[in-house]
Amino acid sequence: MTKFRARPPAVPTVLVDDAVVRIIRWDFEPGADTGHHVHGLGYVVVPMTNCHFLLEEEGGSRRIDVAKGAAYRRDAGVAHNVVNAGSEPMSFVEIEYK
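Note that the coordinates shown come from a computational prediction; the quantities given were computed from them, not determined experimentally.

Chemist: So what about the pairing of strand E1 (residues 11-17)? Which residues, and what values?
Modeler: Within a regular beta strand, the side chains point alternately toward one face of the sheet and then the other, so they alternate between its two faces. Across six bridges, E1 lies against strand E2 (residues 21-28) in antiparallel orientation. Bridge pairing links Asp 17 to Arg 22 in E2. Where E1 folds back on E2, the antiparallel hairpin that results is connected by three residues.

Following this line, the structure appears as structure tokens:
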């Protein structure tokens, strides 16, 4: 993998990491991404802003809009790159359960 990125990186801030959960706040400027990753744990996402996601997955890309505060969960094993497809900064809190 190249060390050069076409997009700015999203900024993760670990809020809690203990025996029960890992809680990370993710902040994205417009166009920023997480980089491709696979979730080893199930998780819950709580948007802190309205989020305009571009999800780049193995089968293709899709756009999803999630309103501020509209939490959702996903199972372990999800593989994707998350991109801020909006024109404003976005952030969410990700809660991984161990």
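Chemist: How would you sum up the nonpolar core? Please name residues and give values.
Modeler: Counting 15 residues, the largest nonpolar core has Trp 26, Phe 28, Cys 51, Phe 53, Val 82, Met 90 and Phe 92 as the members making the most contacts within it. Among the elements of the structure, E2, strand E4 (43-47), strand E5 (51-57) and strand E9 (90-97) are those that each provide at least two residues to this core. Setting aside chain neighbours within four positions, we find Cys 51 in contact with Ile 64, Asp 65, Val 66, Met 90, Ser 91 and Phe 92.

Chemist: How would you summarise the environment of Glu 58 if you had to cite specific residues and measurements?
Modeler: For Glu 58, the location among the structural elements is in the loop between E5 and strand E6 (60-66). For Glu 58, a relative accessible area of 83% puts it in the exposed group. For the pair Glu 58 and Leu 41, spaced 17 residues apart in the sequence, the C-alpha separation amounts to 19 Å.

Chemist: Could you give me a rundown of the sheet that holds E5, with the residues and numbers involved?
Modeler: The pairing of strands in a sheet happens through backbone hydrogen bonds and is either parallel or antiparallel. Spatial ordering of the open sheet is given by E3-E8-E5-E6, a layout of four strands whose pairing is antiparallel. Two strands close off the open sheet at either side, each with one partner strand: strand E3 (37-38) and E6. Sheet topology places E5 next to strand E8 (residues 79-84); four bridges connect them, and they run antiparallel. Residue pairing across strands places Leu 55 opposite Val 82, the latter belonging to E8.

Cut-off values and rules
- Residues numbered from 1 in each chain as written.
- Predicted model: local features only at pLDDT ≥ 70, side-chain atom pairs only at ≥ 80, totals over all residues.
- Heavy atoms only, no water.
- Pairing = 2+ DSSP bridges.
- Helix = DSSP H or I, 4+ residues; strand = E, 2+ residues; numbered from the N terminus.
- Core = buried A, V, L, I, M, F, W, Y, C linked by side-chain atoms within 4.5 Å.
- Buried < 20%, exposed > 50% of the residue type's maximum accessible area, 1.4 Å probe, protein only.
- Contact = heavy atoms within 4.5 Å.

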